[in-house]
Amino acid sequence: MVERRAEVVGKMKMLEEAAAPLINFLQNPALVQELQSDKQSNLQKLNERHQIGPNQIEALYQFAKFQFECGNYSGAADYLYQYRTLCTNSDRSLSALWGKLAAEILMQNWDVALEELNRLKEVIDSKNFSSPLSQLQNRTWLMHWSLFVYFNHENGRNAIIELFFQERYLNAIQTNAHHLLRYLAIAVIINKRRRNSLKDLVKVIQQEQYTYKDPITEFLECLFVNYDFEKAQQKLFECGEVIENDFFLGKQAQEGSFVTVPLRDEFLENARLFIFETYCRIHQCIDIRMLAEKLNMDYDDAERWIVNLIRNARLDAMIDSKMGTVIMGTQRSSVYEQIIESTKQLSIRSYMLANGVVAAAAATQGYNL
């Protein structure tokens, strides 16, 4: 280890000396302000006025990479940012952007990491790669790296849905990374504002069921394709275990003397809501005890949960405590009343249409006269 340390320190000094002219220049704000948006013009000025050429710029890249490998992520991020402002090699610039993203993730600067992730996406989508396979590989890498950002950033749940449902990236998932469907499914289930994406998600899960499935995708398939509530209940229990053991999903939080997994609890709450809503669509009278079994809850907790749901979501339902049932559609009118109301609306529309025709005819007649 002593020999290894001496080797590392020696290499660091060598790289630092090679990049020193450019580093000294970049540390002078007055000189940096002279730089323009035209990279070629900047390189010419640096070479003429400060004797800084391609060798020093390449040395800055190697020095930044070495700083990253030594664990100095802050320094590496700064040097890689400065390197990209001067680099004219698109492949090197892309590599530096990957390094900058990695450094921000390791420093847990999630706002900056999200900006770098979006910037990297723009570069990957616009760059001319040597082959379509290379571009597919870069998109696959991007989605994997994005999991670090999306499951730690406050707006990550929306962002992951927007990215993964884009046609190019959805094709990459279906071609090269089927296991990412787990994270897309989690994001859709826990995001109440993106319920409109559920139908598209279920369609993709059906298409890929022969190549990939896990308890989370199977839960959606059981509930929204097969309407198998018994199996959905079983999968719901397995989902909790999967989330707890997943690196990105199983992040723990301390609440007093208790340790919880917030995302697991949020997932189970929304998954139970899906079960309840789906079950209510096909039943008018529901036994609370049976529903409690399907939701993996005891009777009292299930009754309180349903009461709160009816109150907060303003569901058209009521609870019969004596019979232990939930009665759906208590405010619905009878079929006879619905037909009468529809007939009234039809009569009003017909009257308005007739008046419109008469008025138009009168106006035409007056014009001819």
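From a predicted model like this one, the values you see are computed outputs, not experimental measurements.

Novice: Tell me about the pattern of salt bridges, residues and numbers included.
Specialist: Applying the stated criterion across every chain, the model contains 18 salt bridges. Between Glu266 and Arg157 there is a salt bridge whose closest N-O contact spans 2.6 Å. Of this pair, Glu266 sits in helix H15 (residues 262-282) while Arg157 sits in helix H9 (residues 156-164), and the two are 109 residues apart along the sequence. On the basis of relative accessible area, Glu266 is assigned to the partly exposed category, the value being 26%. Between Arg264 and Glu244 there is a salt bridge, with the nearest N and O atoms lying 2.5 Å from each other. With Arg264 in helix H15 and Glu244 in helix H14 (residues 229-244), the pair connects residues that are 20 residues apart, well separated along the chain.

Novice: Run through unusual backbone geometry, naming residues and quoting values.
Specialist: Positive phi, close to 60 degrees, is recorded for Gln108, a residue that is not glycine. As for its placement among the helices and strands, Gln108 is situated in the loop between helix H6 (90-106) and helix H7 (110-126). Positive phi, close to 50 degrees, is recorded for Tyr227, a residue that is not glycine. Mapping Tyr227 onto the fold places it in the loop between helix H13 (215-224) and H14. The class for Tyr227 is partly exposed, based on a relative accessible area of 44%.

Novice: Hey, could you go over the packing of aromatic side chains for me, with residue numbers and the actual values?
Specialist: The geometry of two aromatic rings is summed up by the distance between their centres and the angle between their planes. Taken as a whole and assessed by the stated rule, the structure comprises 13 aromatic pairs. Residues Phe63 and Tyr79 carry aromatic rings whose centres are separated by 5.2 Å and whose planes lie at 50 degrees to one another, so their mutual orientation is tilted. Taken together, the residues Phe63 in helix H4 (residues 54-69) and Tyr79 in helix H5 (residues 73-86) connect sequence positions 16 residues apart. Across the pair, exposure class does not vary: Phe63 and Tyr79 are buried alike. Between Phe68 and Tyr73, the ring centres sit 5.2 Å apart and the planes meet at 65 degrees, which makes this aromatic pair edge-to-face. Through successive ring pairs, a cluster of aromatic residues spans Phe148, Phe151, Tyr183, Phe247 and Phe248. Over the aromatic face of Phe129 sits the side chain of Lys127, whose NZ or CZ is 4.7 Å from the ring centroid. Sitting over the face of the ring of Tyr169, Arg139 holds its NZ or CZ atom 5.5 Å from the ring centroid.

Novice: Any chance you could break down the pairing of strand S4 (residues 317-320) for me, citing the residues and the numbers?
Specialist: Residues Ala317 and Ile319 line the buried face of S4, whereas the alternating positions Met318 and Asp320 sit on a face that is not buried. The pairing of S4 with strand S5 (residues 325-328) spans 4 bridges and is antiparallel. Opposite Ile319, over in S5, you have Val326 as the bridge partner. Between S4 and the antiparallel strand that follows it, S5, lie 4 residues; Gly324 among them carries a positive phi value of about 70 degrees.

Novice: So, the environment of Ile327: which residues are in play, and what are the values?
Specialist: Within the element layout of this structure, Ile327 appears in strand S5. Linking Ile327 and Ile286, residues 41 residues apart in sequence, is a C-alpha distance of 6.5 Å.

Novice: Please give an account of the sheet that holds S5 that cites residues and values.
Specialist: Strand order in the open sheet formed by 3 strands is S3-S5-S4, and the pairing between neighbours is antiparallel. Strand pairing shows two members of the sheet lacking a second neighbour, strand S3 (285-287) and S4, which therefore form its edges. Across this sheet, the average inter-strand angle for adjacent strands is 25 degrees, counted without regard to direction. Two strands pair when backbone bridges link them, and S3 and S5 are joined in this way by 3 bridges, in the antiparallel orientation.

Novice: Explain H13 residue by residue, including any values.
Specialist: Residue pairs spaced three or four apart in an α-helix point in one direction, given the helix's 3.6 residues per turn. Within H13, 10 of the 10 residues are buried, leaving the element largely enclosed by the surrounding structure. Restricting attention to buried positions, one finds in H13 the residues Pro215, Ile216, Thr217, Glu218, Phe219, Leu220, Glu221, Cys222, Leu223 and Phe224. On its buried face, H13 is in contact with helix H11 (181-190), helix H12 (198-207), H14 and H15. Sitting at the head of H13, Asp214 places a side-chain oxygen 3.0 Å from the backbone nitrogen of Ile216.

Novice: Lay out the layout of surface pockets with the relevant residues and their values.
Specialist: Of the pockets and cavities examined, the largest pocket occupies roughly 260 Å³. Taken together, Tyr150, Phe151, Asn152, His153, Glu154, Arg157, Phe248, Leu249, Lys251, Pro262 and Leu263 make up the full set of residues lining the largest pocket. Tallied by class, residues from the lining of the largest pocket come to 6 nonpolar, 2 polar and 3 charged.

Novice: Just give me the short version of the environment of Lys199, but keep the residues and values in it.
Specialist: For Lys199, the position within the fold is in helix H12. C-alpha separation for the pair Lys199 and Phe224, spaced 25 residues apart in sequence, amounts to 8.9 Å.

Novice: Just give me the short version of H14, but keep the residues and values in it.
Specialist: The terminal C-alpha atoms of H14 lie 23 Å apart, and with 16 residues this matches the ideal 22 Å at 1.5 Å per residue to within 8%. The complete set of buried residues in H14 reads Phe229, Ala232, Gln233, Lys235, Leu236, Cys239, Gly240, Val242 and Ile243. For H14, the N-terminal cap is Asp228; the gap from its side-chain oxygen to the backbone nitrogen of Glu230 is 3.4 Å.

Each value, and the rule that gives it
Residues numbered from 1 in each chain as written. Predicted model: local features only at pLDDT ≥ 70, side-chain atom pairs only at ≥ 80, totals over all residues. Heavy atoms only, no water. Salt bridge = Lys/Arg side-chain N within 4 Å of Asp/Glu carboxyl O. Helix = DSSP H or I, 4+ residues; strand = E, 2+ residues; numbered from the N terminus. Buried < 20%, exposed > 50% of the residue type's maximum accessible area, 1.4 Å probe, protein only. Phe/Tyr/Trp six-rings, centres within 6.5 Å; stacked < 30°, edge-to-face > 60°. Lys NZ or Arg CZ within 6 Å of the ring centre and 35° of its normal. Pairing = 2+ DSSP bridges. Axes fitted to C-alpha atoms, helices over the stretch in contact; angles between N-to-C directions. Contact = heavy atoms within 4.5 Å. Polar contact = N/O pair within 3.5 Å; in protein donor to acceptor, adjacent residues only side chain to side chain. 1 Å grid on protein atoms, 1.4 Å probe; cavity = no way out; pocket = protein on both sides within 12 Å on 5 of 7 lines; lining within 4 Å. Points joined across faces, edges and corners; volume = space filled by probe spheres on them. Nonpolar A, V, L, I, M, F, W, Y, C, P; charged D, E, K, R; others polar. Expected span 1.5 Å × (residues − 1).

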